[in-house]
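Fold and contact review
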Amino acid sequence: MELSDLDQALLGGDFGRAASKAMSLLVRYGEAVGASEFISITSAHIDGCLYHGPSSIDFAEAFSQLGGRILVPTTLNVAAVDVVHPGWNRGPPEVIEAQLHLTALYESLGCLATLTCAPYQRMIRPRLGEHVAWAESNAIVFANSVLGARTDRYGDFTDLCAALTGRVPLSGLHREEERRPQLVLRVPAWADTTLSTEVYFGCVGYVVGERSRGRVPYILGLPEDATEDSLKAVGSAAASSGSLALFHAAGITPEAGACDVSGIAVETITSDELSGAAGRLCPLEVGEPLAAVCLGTPHFSIAEFGALAHALDGRRKDPAVEIYVSTSREIEAAVSQSFQFAPLRSYDVKIVVDTCTYLAPVVRQLEGAIVTNSVKFAHYGPGNLRRRVGLMSLERCLRSADLGRVAP
Amino acid sequence: MKRLPIQPVVRGRATGPLALLQQPLSLWGGLDIESGVIVDANHRDRGLSLKGRVVAMREARGSSSSSSALVEAARNGVAPAAIILSRLDPILAIGGLVALELYGRVIPIALVAEADWSDLANGTLVQVIADSDDAYLDFQEP
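About the criteria used
Residues numbered from 1 in each chain as written. Chains lettered and ligands numbered in written order. Predicted model: local features only at pLDDT ≥ 70, side-chain atom pairs only at ≥ 80, totals over all residues. Heavy atoms only, no water. Pairing = 2+ DSSP bridges. Helix = DSSP H or I, 4+ residues; strand = E, 2+ residues; numbered from the N terminus. Contact = heavy atoms within 4.5 Å. Axes fitted to C-alpha atoms, helices over the stretch in contact; angles between N-to-C directions. Patch = residues over 30% accessible without salt bridge, like charges linked within 9 Å, V, L, I, M, F, W, Y side chains within 5 Å. Areas by Shrake-Rupley, 256 points an atom, 1.4 Å probe, with all protein chains shown as cover. Salt bridge = Lys/Arg side-chain N within 4 Å of Asp/Glu carboxyl O. Buried < 20%, exposed > 50% of the residue type's maximum accessible area, 1.4 Å probe, protein only. Core = buried A, V, L, I, M, F, W, Y, C linked by side-chain atoms within 4.5 Å. Buried area = accessible area lost by both parts, 1.4 Å probe. Polar contact = N/O pair within 3.5 Å; in protein donor to acceptor, adjacent residues only side chain to side chain. Nonpolar A, V, L, I, M, F, W, Y, C, P; charged D, E, K, R; others polar.

What follows is about the sheet that holds strand E2 (residues 44–46) of chain A. All names here are of chain A. Across the sheet, three strands lie side by side as E3-E2-E4; this open sheet has parallel pairing. Either end of the sheet is taken by a strand with one partner, and the two such strands are strand E3 (74–76) and strand E4 (133–134). Pairing of E2 with E4 involves two bridges; the strand directions are parallel. The residue of E4 that forms the bridge with His45 is Trp134. Against the sheet, helix H6 (residues 158–165) touches E2, E3 and E4, its axis set at about 145° to E2.

Once that is clear, we can look at a nonpolar patch on the surface. Residue and element names in this part refer to chain A. Among the surface-exposed residues, Leu6, Phe15 and Leu71 lie close enough to one another that they form a single nonpolar patch of about 260 Å² accessible area. Within the fold, Leu71 resides in the loop between helix H3 (54–64) and E3. For Leu71, a relative accessible area of 43% gives the class partly exposed.

Across soluble globular proteins, nonpolar side chains show a tendency to be buried alongside one another. Residues and elements named next belong to chain A. Phe59, Phe63, Tyr106 and Leu222 are the most contacted members of the largest nonpolar core, which has 149 residues in total. Top contributing element to this core by residue count: helix H2 (residues 17–32), with nine residues. The residues touching Tyr106, leaving out its near neighbours within four places in the chain, are Ile46, Gly48, Cys49, Phe59, Ala60, Leu76, Cys111 and Leu160. Counting 29 residues, the second largest nonpolar core, distinct from the first, contains Ile323, Ile331, Val335 and Val406.

Moving on, we come to the interface of chain B and chain A. Quite often, the size of an interface is put as the accessible area lost when its parts meet. Taken together, the contact pairs 35 residues of chain B with 44 residues of chain A. Carbon and sulfur atoms make up 53% of the area that chain B and chain A hide from each other, which totals about 3300 Å². Counting every contact that joins chain B to chain A gives five salt bridges. Between Asp32 of chain B and Arg386 of chain A there is a salt bridge, and its shortest N-O distance comes to 3.6 Å. Taken together, chain B and chain A are joined by 19 residue pairs in polar contact (both at pLDDT 80 or more). Mapped onto the side of chain B that touches chain A, the elements with two or more residues apiece are helix H1 (27–30), helix H2 (66–75) and helix H3 (90–103) of chain B. Residue contributions to the side of chain B that touches chain A peak at nine residues, all from H3 of chain B. Here the residues of the side of chain B that touches chain A are counted per class, giving 16 nonpolar, nine polar and ten charged.

All names here are of chain A. Among the structural elements, Gln99 can be located in helix H4 (residues 94–108). Taking the C-alpha atoms as reference points, Gln99 and Thr268, separated by 169 residues in sequence, lie 45 Å from one another. Excluding residues within four positions of it along the chain, Gln99 makes contact with Cys49, Leu50, Tyr51, Ala79, Ala80 and Val81. A distance of 2.9 Å separates a polar atom in the side chain of Gln99 from the backbone oxygen of Cys49. Separated by 2.9 Å, the side chain of Gln99 and the backbone nitrogen of Ala80 make a polar contact.

Note that all results are geometric; they support no functional claim without further evidence.
Okay, structure coming up:
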């Protein structure tokens, strides 16, 4: 790799030993991914703050002990457990101590303990063309596709090295030519499917992610008035079923207008394919006992809380069924302080912060199904939690909660 | 013995039986990092152990935490012996580099040309020689 004066200074220790160590790893990484030079970034979002085991601590500690300090504004992704509500934790109790230690290590490096997978909702919104180093698959897709910022698919460890140096290899989706569409997918209009709108957007993402096989898709046919929450559902689903990190959607995403797709054959995704994906993501039977409704994967937005409050106003759930919504502490504070969200409290909605219920087990009943309107939850939940999980519309989730059983 | 050229991503040498996955796997959320067994409920190879295997999948999938899952699996001694892809994956690449950096575990990662992919046969004992630019896979005859 060709190193600039700045890169040499970082490597040589002018910015401290931690930055030097981070730069050394980034050079090896840059060579591994075939880059020839480095570029600067304006922010980082770190996924390595989620505790997976001693290696999470070992890595952060190596930089903390060298007195490391981040060089660009850096936010933290979700943690392994909600430390604000430790009593809800049904996972191993020792994870709470380990996670507190890991979060403190990242804070000691200068990172903001935002602990959210959706920093783009209110906290940090990079502009069109801005280079950033974000980890967390759904945040990567959102930053690239919806905001038009430029981040490659960063994983744990690269994220911290980028934050400590402000540099990343010029590789992957930082490069103009890698952002061009490589396939064109026409999706059916929502009205031509049998799905609810939420399940429609999620399943479009799920099938697009499978079909794209690592390539950048250009999507035709998504409704032009799709909200950011709908696009969040598309991206998070596509990054679960595949390795999608950028999509263009005609008439919607900021770079779509400049895409030349004239030479690419249009492939069609059928309504049956979407229904097939919805079916695979909901292997539950009508009438089977329900333990909980889990929402907020990725983290719920203010608008989604508003829609939920509206939908459950005046309803009463079966008392045995729990309802959990995952979000950031910051959005939780806004929700808990506003009268507009009073129906959440009378319905006994539990707001999980810092983490997400598809990775941190919270549901009290050990038997019974979990229902969700999130494709990402329905995709990862069964493997992570070893539970039966079903994808359905918010309305059907709430009807199921009323009955205490999976509603038709 | 059949030999196939590869392009090294994370350098090193390894030997193991080839686990040719039927679809991409996200190591985080897809692999039990304490046992090395695939737990993704929707994966066609669910239940398969990847411990000590040379794992081949065309491209990676899913989570940014897959690098941590690879390193933690390596720390637990249940990681794949090597990973073969046809499309570069930056998340697995950093996982391989950090497994070496933190724990001295060598997990070579290399790319096979798409045209050669059909030469990969499940279960064959394969040697991954990826410690220089002249990198290749050697297959033991069944």
